[in-house]
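# Coordinates in review
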Amino acid sequence: MTISKKHKLVLLAAILFAAGSTFFMLVLKPAEPKGLHYSCFKTERGWGYDVLFNERIIIHQPFIPGKSGGDGFATKEQAATVAKTVIESIKSGNDPLFGRPPLQRRADSGAHAK
């Protein structure tokens, strides 16, 4: 049994399509971010950021923390800088809100209560 030229072309096209798809999936497709990372977003009042762990939001910050009024950051770059600082604080074991280790913070707050 012989394969016609038309069938050979279809088979060749299918093989090339499979090879191209595999190449795209393995080489050209950007890697999904894993671990701690951030994403900036625009709000009605400026810029905010999310800190994510494996695509799950662990911190959603639509405004500048500690500042009254609910205004966001003026630029995307400012939001990104703060998000990076928060991630570094988490990685170093510090509380991202206070910049100190959790046990030290509890000890300090207990000393003030006396």
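Scroll up to find the structure this text is about.
The sections below set out a description of the structure shown in this document. Because the structure is a prediction, the values reported are computed rather than measured.

### With respect to a nonpolar patch on the surface
Taken together, the side chains of Phe 23, Phe 24, Met 25, Leu 26 and Val 27 present a nonpolar region at the surface, about 560 Å² in accessible area. Within the fold, Phe 23 resides in helix 1 (residues 5-28). Its relative accessible area of 46% is what places Phe 23 among the partly exposed residues.

### A short note on the sheet that holds strand 3 (residues 56-61)
Here we have 3 strands laid out as an open sheet, ordered 1-2-3, and antiparallel in their pairing. A single partner strand is all that each edge strand has here, and the edge strands are strand 1 (36-43) and strand 3. Taking the axes of each pair of neighbouring strands and ignoring which way they run, one obtains an average angle of 25 degrees across the sheet. The pairing of strand 1 with strand 2 (residues 46-53) spans 8 bridges and is antiparallel. By the bridge assignment for strand 2, Ser 39 is matched with Asp 50. Contacting strand 1, strand 2 and strand 3, helix 2 (residues 76-91) crosses the sheet at an angle of about 150 degrees to strand 1.

### Regarding the nonpolar core
Grouped together as the largest cluster of nonpolar side chains are 11 residues: Cys 40, Tyr 49, Val 51, Ile 59, Ile 64, Phe 73, Ala 79, Ala 80, Ala 83, Val 86 and Ile 87. Elements with a contribution of two residues or more to this core: strand 2 and helix 2. Top contributing element to this core by residue count: helix 2, with 5 residues. For Val 86, the contacting residues outside a window of four places in its chain are Tyr 49, Val 51, Ile 59 and Pro 96.

### Regarding the pattern of salt bridges
The tally for this structure, following the rule as stated, stands at 1 salt bridge. Here Arg 45 ties to Asp 71 by a salt bridge, and the two come within 3.0 Å at their closest N and O atoms. Linking Arg 45 in the loop between strand 1 and strand 2 with Asp 71 in the loop between strand 3 and helix 2, this pair joins segments that are 26 residues apart in sequence. On the basis of relative accessibility, which here comes to 48%, the residue Arg 45 falls in the partly exposed class.

Cut-offs applied
Residues numbered from 1 in each chain as written. Predicted model: local features only at pLDDT ≥ 70, side-chain atom pairs only at ≥ 80, totals over all residues. Heavy atoms only, no water. Patch = residues over 30% accessible without salt bridge, like charges linked within 9 Å, V, L, I, M, F, W, Y side chains within 5 Å. Areas by Shrake-Rupley, 256 points an atom, 1.4 Å probe, with all protein chains shown as cover. Salt bridge = Lys/Arg side-chain N within 4 Å of Asp/Glu carboxyl O. Helix = DSSP H or I, 4+ residues; strand = E, 2+ residues; numbered from the N terminus. Buried < 20%, exposed > 50% of the residue type's maximum accessible area, 1.4 Å probe, protein only. Pairing = 2+ DSSP bridges. Axes fitted to C-alpha atoms, helices over the stretch in contact; angles between N-to-C directions. Contact = heavy atoms within 4.5 Å. Core = buried A, V, L, I, M, F, W, Y, C linked by side-chain atoms within 4.5 Å.

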